[in-house]
Amino acid sequence: MHEHVLHDILHQLTHTAHDAGRPVPRLLAVSKTRDETAVANLALKGQTAFGENYVQEALAKQNAMAGTAAAGLALEWHLIGHLQSNKAAEAATRFDWVQTVDRLKLVTALARHRRADQAALNVLIQVNIDDEASKHGCRPDEVEALATAIAAESRLCLRGLMVIPAPHDEPELLRPAFRRSKQLFDSLTQTHRSVDTLSMGMSDDYAVAIAEGSTMVRIGTALFGARAKPQS
Ligand SMILES: *Cc1c(COP(=O)(O)O)cnc(C)c1O
């Protein structure tokens, strides 16, 4: 990684937010397919929050971190990939955040497996904001019921929403989906006081997402370079 990439991205986030009159979003470094050395290098520069798509890959990487110069740093791990119910037990104890909660069964499983000696697991409801047939995430009209179920679990802390709009070549075309997401987020903050996070925006579209009110951007390629193998 280029020496100043992290600094440059943080600078971009700050500038974009100030220009748009929005709060500066948190940066989630998406480290899927990157090895523990790449994660350690970024962690040593001060980045603390990392996003992973696959439970097994994340667990192996977390274990491997012990052998790096970043061993002992307090990192925050976010699951941002689809979670199968049979992986919920591992996800519940080995992540700090799960951003892809989209059905009641997951709420119950995560709550059951989060250990009593751990802080409550932070969760985001993933919303299928463009109603795409093959996409994960709940429908917008299912958010409130899921939120109520999460809020009733003492081992879970409802923090907000995560969205992945339908892809477009032109980031500007994502603006309506980001705007609808923000409206949904705003109404959720009215009913649930713990809600403070709207996770939206990736390497190609974070500027539009921030302008529309994102509080957390998930960035991989712009931080680490192009991924070697395609990821869903
Ligand atoms: C891979 C991924 C990202 C990061 O995408 P980049 O284009 O590399 O920044 C963000 N969010 C999710 C859910 C992802 O799967």
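Residues numbered from 1 in each chain as written. Predicted model: local features only at pLDDT ≥ 70, side-chain atom pairs only at ≥ 80, totals over all residues. Heavy atoms only, no water.

**Section: the site of the ligand**
Put simply, the rule reads: For this description, a residue counts as near a given molecule or strand if any of its non-hydrogen atoms is within 4 Å of it. Polar contacts, as counted here, are pairs of nitrogen or oxygen atoms within 3.5 Å of one another; within protein the pair requires one atom able to donate a hydrogen and one able to accept it, and residues that are adjacent in sequence qualify only if both atoms are side-chain atoms. Where accessible areas are quoted, they stem from the Shrake-Rupley method and a 1.4 Å probe; at the residue level, only the protein chains shown are allowed to cover.
All residues in the neighbourhood of the ligand are listed as V30, K32, N53, I80, I164, M202, S203, R218, I219, G220, T221 and R227. Within the contact set of the ligand, an oxygen atom lies 2.8 Å away from a backbone nitrogen or oxygen of G220. Within the complex, 91% of the 390 Å² of free accessible area of the ligand lies under protein.

**Quick look at the UniProt feature "modified residue: N6-(pyridoxal phosphate)lysine" (unreviewed entry) in the protein**
The following threshold applies: UniProt positions are given in the numbering used here, feature names are shortened, and annotations may be inferred rather than shown by experiment. Here a helix means four or more residues in a row that DSSP labels H or I, a strand means two or more in a row labelled E, and each is numbered from the N terminus. Only protein chains enter the accessibility calculation, which uses a 1.4 Å probe; a residue whose area is less than 20% of its type maximum is buried, one above 50% is exposed, and one in between is partly exposed.
In the numbering used here, UniProt assigns the feature "modified residue: N6-(pyridoxal phosphate)lysine" (unreviewed entry) to K32. Mapped onto the elements, K32 comes out in the loop between β1 (26-30) and α2 (36-44). K32 gets classed as buried once you look at its relative accessible area, which sits at 9%.

**Observations regarding the side chain of R155**
Worth spelling out the cut-off: Residues counted as positive are Lys and Arg, residues counted as negative are Asp and Glu, and His and the chain ends are not counted. Each reported salt bridge corresponds to a side-chain nitrogen of Lys or Arg within 4 Å of a carboxyl oxygen of Asp or Glu. Residue contacts follow a heavy-atom distance rule, with two residues in contact if any of their heavy atoms lie within 4.5 Å.
Within the fold, R155 resides in the loop between α6 (143-151) and β6 (156-163). For the buried residue R155, which engages in no salt bridge, the nearest side chain bearing the opposite charge is D117, 6.5 Å off. Here the side chain of R155 touches R115 through a polar contact of 2.8 Å, landing on its backbone oxygen. Residue contacts for R155: discarding those within four places in its chain leaves A111, R114, R115, A116, Q118, A119, A120 and L121.

**Some points on the nonpolar core**
Definition in use: Put simply, buried Ala, Val, Leu, Ile, Met, Phe, Trp, Tyr and Cys residues joined by side-chain atoms within 4.5 Å make one nonpolar core.
Judged by nonpolar contacts, the single largest core of 63 residues is most densely connected at L83, F95, L110, I125, L161 and L223. Those residues in contact with L83 that lie beyond four places of it in its chain are V55, A88, A91, V98, T100, R103, L106 and L110.

**Examining α6**
The test is simple: This arc corresponds to the set of directions leading from the helix axis out to the C-beta atoms.
When we look at burial in α6, the residues that qualify are V143, L146, A147 and I150. Considered in projection along α6, the buried side chains sweep an arc of 100° and stay on one side of the axis. Packed against the buried residues of α6 are β4 (97-101), α5 (104-113), β5 (121-127), β6 and α7 (175-191).

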